[in-house]
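# Fold and contact review
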Amino acid sequence: LSGIRDTSTIRSPPPMRKPTVSYVREFDEQVVGEAIGRELARGGQCFYVAPRIAMLNPAKKMIKSLFPGIRVILAHGRMARNEAETNVAAFAEGNYDVLLATTVIENGVDIPSVNTIVIESAQNFGMSTLYQLRGRVGRSDKQAYAYFLHQEDEITQQAAMRLQAIGELQELGSGFDVANRDLEIRGAGSLLGTEQSGMAARVGFDLYMRMLKKAVRQLRGLDLPMVPRTNVLLPKGEGSIEIKGADGISHAFKIPEDYIQDEKERYQAENVARLGESTAKLVNLTAEWKEKYGPLPVNLQLKLKTMHLHACTRRLGIDLIGLADNGEGRIDCILRSPGLRPRHIEEIAPSLPKGVMIKGLDAVFPPRFCRNGEEGEIRGGMRFNIQSTFIGEDEDDSDDWDALDQEETEAMEDISSAFDIREIDEVDIDKYPRFVIRNFGKIAVGQRVDVLLKLLLGAAKVVYEKQEKEKEEAKVAAELREKRTQMKKTKLLMDKEDRILLDYSGLAE
């Protein structure tokens with residue numbers, strides 16, 4: 001299908017992970033006893049999953065009869081508010097041996113001490129659910145086991161095929177293979193068949209997708225992609241949050257132990273700081289620390305300044321920062337931003353002082369974005385005309401109508417690989433959109449983070465505020481659509497009831 005062909009799979013597991021050994025068996029209490037007994041014998045915990053809430057208590061009685069004195073706790077969707085979360089948390093803390101649950105644990109539960117899962121009536125679950133449930137175990141370096149127990153008299157042909165597939169596809173990173181097998185079992189539906197109607201059927205799928213993508217490009221807002229982290233390659237590690245400790249292991253942002261002495265509180269504070277999406281959130285976090293723990297030590301202030309820098313670079317899509325000789329005897333700072341486009345600058349600049357980009361921060365774009373076929377620049381502190389210099393993204397005279405999508409796909413691939421780069425010279429930087437700070441080599445060591453923050457903070461703040469506003473507007477629009485849909489359904493129901501009453505009154509007369 002045109003435009004629907006690029007996929008990527010992650011098949012490399014984290015270090016020390018082992019494939020989960022999967023057993024597909026007919027339900028038998030002896031099998032349940034063997035599975036749970038083996039895990040308890042090595043000091044671990046177990047999940048026991050049933051498809052219906054009504055099946056949990058009988059399962060609890062069975063487990064209690066097999067293991068008198070075993071500690072069992074339940075979790076399902078009809079519990080009182082926060083009760084299921086509290087039970088899962090108590091289980092995670094090691095207060096119970098078995099968590100008896102429905103599919104509420106399918107996502108978001110990561111407990112390394114749980115390495116056996118027993119799934120009762122597995123024939124009632126879909127392929128994706130079975131795969132997700134199996135993923136709840138094997139989260140450490142210990143061998144994990146998954147038991148898919150089915151009722152022989154209730155199994156259908158498709159259920160048998162699903163169980164066979166989940167039993168065969170046990171390797172780490174087999175998610176895509178599971179999805180393909182599920183597609184084979186259930187079928188692909190009728191995307192282009194005679195059952196289709198509306199716009200796609202009238203104009204054809206290829207032209208419809210072209211029209212749709214053009215409309216989306218015209219409507220989308222400030223979609224500058226936020227990068228997961230920025231690889232800063234400045235001399236002496238300045239601006240980097242990946243610093244090697246005394247143990248030789250690379251550590252991200254760390255809070256001094258003598259500032260927050262409680263280990264749990266310190267780890268939580270570090271995680272919150274690392275996940276700070278904006279400088280505003282980091283400022284609020286710093287204020288909380290000052291109120292709770294006292295004035296910040298100087299070394300922590302310096303680290304937080306670096307965290308502020310990274311909040312800005314991530315928000316502006318900057319995945320790589322380094323120094324480069326511009327060929328004229330001057331050292332510039334290059335801030336690569338693969339997802340940056342001229343339209344982003346056009347939307348950011350009006351919200352900055354004087355309606356232009358900050359003086360000293362230039363945006364440079366490769367020739368493929370420019371009308372004259374040469375590299376294009378938007379100089380900081382100067383006004384510019386996007387239309388006269390750069391090719392508009394809605395100008396699609398070319399037959400290669402999905403070239404822009406390919407460009408964005410490649411940008412995301414570059415972002416994901418940025419952290420493997422050790423020297424800026426490893427990258428052909430002229431191929432990428434980027435910010436440039438001229439003559440950066442003159443900035444003294446120790447002041448470079450301050451200069452970067454001063455130049456990037458305003459633009460990053462604008463992007464954050466606009467994207468948050470767009471999210472809120474999208475949320476309101478979705479709620480409004482939902483209300484309108486509900487009102488239409490209610491009106492149709494009322495009209496139907498009125499017709500029934502009219503018909504009844506006519507018969508009565």
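One can find the structure itself at the top, above this paragraph.
Residues numbered from 1 in each chain as written. Predicted model: local features only at pLDDT ≥ 70, side-chain atom pairs only at ≥ 80, totals over all residues. Heavy atoms only, no water.

### A look at the overall build of the chain
- When you go through the chain residue by residue, the secondary structure sums to 15 helices and 14 strands.
- Counting over 509 residues, the chain shows a buried share of 39%.
- In the chain, the share of contacts with a sequence separation of at least 24, taken over all contacts with a separation of at least 6, comes to 73%.
- When the accessible area of the chain is evaluated, it comes to approximately 29,200 Å², of which 51% is carbon and sulfur surface. (Helix = DSSP H or I, 4+ residues; strand = E, 2+ residues; numbered from the N terminus. Buried < 20%, exposed > 50% of the residue type's maximum accessible area, 1.4 Å probe, protein only. Contact = heavy atoms within 4.5 Å. Areas by Shrake-Rupley, 256 points an atom, 1.4 Å probe, with all protein chains shown as cover.)

### Structural notes on the sheet that holds strand E3 (residues 72–75)
- Within the open sheet, the six strands sit side by side as E1-E6-E5-E2-E4-E3. Their pairing is parallel. The sheet is open, and its two edges are formed by strand E1 (21–26) and E3, each paired on a single side. The sheet shows a mean angle of 20 degrees between the axes of neighbouring strands, taken without regard to direction.
- Relative to strand E4 (residues 98–101), E3 runs parallel, the two being bridged by four bridges. Its bridge partner lying in E4, Leu74 is registered against Leu100.
- Together, E1 and strand E6 (145–150) form the strand contacts of helix H5 (residues 157–168), whose direction differs from that of E1 by roughly 150 degrees. (Pairing = 2+ DSSP bridges. Axes fitted to C-alpha atoms, helices over the stretch in contact; angles between N-to-C directions.)

### Focus: the packing of aromatic side chains
- One pass over the structure, following the stated rule, counts five aromatic pairs.
- Both rings, one in Phe47 and one in Phe91, keep their centres 5.7 Å apart while their planes meet at 40 degrees; by these two values the pair is tilted. Placement of Phe47 in strand E2 (residues 45–49) and of Phe91 in helix H3 (residues 83–92) is noted, with a sequence separation of 44 residues between them.
- The class of Phe47 is buried, set by a relative accessible area of 1%.
- On the accessibility criterion, Phe91 (0% relative accessible area) is buried. (Phe/Tyr/Trp six-rings, centres within 6.5 Å; stacked < 30°, edge-to-face > 60°.)

### Brief notes about the side chain of His310
- Tracing the sequence through the fold places His310 in helix H11 (residues 298–315).
- Classification of His310 by relative accessible area gives buried; the value is 4%.
- Here Gly239 takes part through its backbone oxygen, which lies 2.7 Å from a polar atom of the side chain of His310.
- Aside from chain neighbours lying at most four places away, what touches His310 is Thr230, Val232, Gly239, Ser240 and Ile241. (Polar contact = N/O pair within 3.5 Å; in protein donor to acceptor, adjacent residues only side chain to side chain.)

### A look at the pairing of E2
- With respect to burial, E2 is a largely interior element, five of its five residues being buried.
- A two-sided burial pattern is seen for E2, the buried positions comprising Gln45, Phe47 and Val49 on one face and Cys46 and Tyr48 on the other.
- Sheet topology places E2 next to strand E5 (residues 114–119); five bridges connect them, and they run parallel. Bridging across to E5, Phe47 finds its partner in Ile117.
- Where E2 and E4 come together, four bridges link them in parallel fashion. Along E4, the bridge assignment pairs Val49 with Ala101.

### Focus: the nonpolar core
- Counting 54 residues, the largest nonpolar core has Phe47, Tyr48, Ile63 and Leu99 as its most contacted members.
- The residues touching Ile63, leaving out its near neighbours within four places in the chain, are Ile36, Tyr48, Ile70, Val72, Val98 and Leu100.
- Residues Leu234, Cys312, Ala363 and Phe390 belong to the second largest nonpolar core, which totals 37 residues. (Core = buried A, V, L, I, M, F, W, Y, C linked by side-chain atoms within 4.5 Å.)

### Details of H3
- Listed in full, the buried residues belonging to H3 are Ala84, Asn87, Val88, Ala90 and Phe91. In a view along the axis of H3, the buried residues occupy a sector of 160 degrees, so they form one face of it.
- Looking at the buried side of H3, the elements it contacts are E2, E3, E4 and E5.
- Downstream of H3 by one or two residues, Gly94 has phi in the positive range, about 90 degrees. (Arc of directions from axis to C-beta.)

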